[in-house]
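Working through the structure, step by step
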Amino acid sequence: MLTNSKAWRTLLQHQQYLAQSKLIDLFNADSQRFANFSLRFDDMLCDYSKQHVTAETMNLLLDLADEANLTQAIADLFAGALVNKTEQRAALHSELRNPHTTRVEIKQTLEQMQDCVAAIKHSDYTDAIILGIGGSDLGPRLVCEALAPYKTTDLTLHFVSNVDSDTLLPLLQRLNPARTLCLINSKTFTTIETLTNAKIIRVWLGIHSSHNMWAITANPGAAEAFGINASHVFTFWDWVGGRYSIWSAVGLPVALTIGMENFKRLLHGAHMVDQHFATAPLAQNMPVLLGLLGIWNINFRQHATLCIQPYADGLQLLPAYLQQLEMESNGKSVANSGETVNYQTAPVIWGGVGCNGQHAYMQMLHQGTQVVPVDFLVARRAHAQNQELQQVLVASCLGQSQALMSGRTTKESYKACAGNKPSTTIMFDIITPEIIGKIIALYEHKVYVQGVIWQIQSFDQWGVQLGKDLIKDILQVMSGDNAQNVDSSTAGLLDFFLGCPLTTA
Ligand code: F6P
């Protein structure tokens, strides 16, 4: 078991020693701390000097990576090895953004997307409803929002993910079926939320449905059985995980919004991180460092959550996106050996936009009982530049991480801030397609690093299946079947929902 390894046991001892120091002491002891604990990659700066680590900590974490044969695992990932062991699949999302790919199907899909973007641009469509949930929603939605300054189309996109009639029906009342596209984004084409919405939209589109409904899926047969014209189906492949699929035709809403050239810039940014991840020495490898720092905080400093706080409204969906990426990938408790792990795995990922978080939850991070590491992300410049606004934004970000680290002693104890709270700050010049591609790829590979070291499967999601199965059972109960097989809580709740007692045998 992992916890018996030499590196793990040494890190436990090291943590006990380091716990006696404070972050501010580490800064006072090393005037070059920022230089020694920050890393630049292209136009990105990763400052991890406010993490509670020393050079010895980093060396011991790298020993842990070596014990896990991380370098080989990285090579396996890019080589298309079946790293998704329980589904016997590769995880080759990196190939989607590789400009030198030899996979013809990837090039063909990019051409199909290009043709679609051009056709829609010269059409009389005014709106597009994008149906999808999880990885079929969060990626397109995040990137469209983040890259709003690059919007080149008059098409208005409406993302619909949940089965909420208060969202869908008022929207349909506002739109013209003749001039509304509906893109059904679903890898499996079996997701109940997406298909339930799609059925309602198909009726609403009426005679326009055969022309206006398109599908993006790894299950084209199901899409055509639903009534989608084969010529309106964009496919991707089972070696692309749903939460890793923005780089595929799932990204079509992005291409429709910002154009194909900017979509390719997004891919290029991610590809640059792929090259860095595949070739940089582990000690100078940004995804590796982020992964190791997370393991240090989770497994040795016992910090069970991670706050993601981007200082840009366009990145407000980043915490939600990373929730799925990290928690659906590494929210596991069975090791590759089949044994239940005896250590923590995925952190609870949460967060919000800065500066707003400072007026909401940051109080707890400064004076609460739990230590919550933070990843701050901030650009030097905005697209619509205003020096005063930008300086307040950046000063706020830097002030928060400084306050978390240094704290403040006051006469009144209730005013004091303990400090000694870790954070990492990722800074870049300005939000561009490349930067968004880099940020997403950075966290994709960080998650992979952690999964390798935790000896868990990062690319499956068997835990969501039970809920999906029970939905079907409860729907049957709602229709009057199987009432006798329901626990009293569910029965009582259903009674309340249905407004009448369930008929139980
Ligand atoms: O949450 C389970 C999940 O399968 C995710 O992994 C996926 O992104 C989402 O549901 C949607 O699945 P699909 O793209 O197949 O509709």
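Here the structure is shown first, and the text comes after it.
All residue numbers refer to positions counted from 1 along the written sequence of the respective chain. The model is predicted, so local features are restricted to residues of pLDDT at least 70 and side-chain atom pairs to those at 80 or more, both for listing and for counting; the totals for chains, interfaces and linings are taken over all residues. Side-chain numbers here rest on the full set of heavy atoms in the structure, without hydrogens or water.

**Things to note about the packing of aromatic side chains**
Basically, it comes down to this: A pair of aromatic rings is counted whenever rings of Phe, Tyr or Trp (Trp by its six-membered ring) have centres within 6.5 Å, and the orientation is called stacked for planes under 30 degrees apart, edge-to-face for over 60 and tilted otherwise. A run of H or I in DSSP counts as a helix once it spans at least four residues, and a run of E counts as a strand once it spans at least two, with each numbered from the N terminus. The rule is simple: take the accessible area with a 1.4 Å probe, protein chains only, and divide by the maximum for that residue type; under 20% is buried, over 50% is exposed, in between is partly exposed.
Inspection of every chain in the model, using the stated rule, returns 12 aromatic pairs. Their ring planes at 65° and their centres at 6.1 Å tell us that phenylalanine 78 and phenylalanine 277 sit as a pair that is edge-to-face. In this pair, phenylalanine 78 is assigned in helix α5 (residues 70–79) and phenylalanine 277 in helix α14 (residues 260–279), connecting sequence segments 199 residues apart. Phenylalanine 277 gets classed as buried once you look at its relative accessible area, which sits at 1%. When the ring of tyrosine 448 is compared with that of phenylalanine 459, the centres are 5.9 Å apart and the planes differ by 35°; the resulting orientation is tilted. Taken together, the positions of tyrosine 448 in helix α19 (residues 433–454) and phenylalanine 459 in the loop between α19 and α20 (465–478) put the pair 11 residues apart, joining distant regions of the chain.

**Things to note about unusual backbone geometry**
Across residues other than glycine, the phi torsion is negative in most instances, and most of the peptide bonds are trans. Cis geometry is found at the peptide bond from glycine 354 to cysteine 355, where omega equals 20°. Here cysteine 355 shows up in the loop between β9 (348–351) and α17 (362–367). Phi is positive for glutamine 88, which is not a glycine, with a value near 50°. When you line up the elements, glutamine 88 lands in the loop between α5 and α6 (93–96). The class for glutamine 88 is exposed, based on a relative accessible area of 54%. A positive phi angle, near 60°, is found at glutamine 302, a position not held by glycine.

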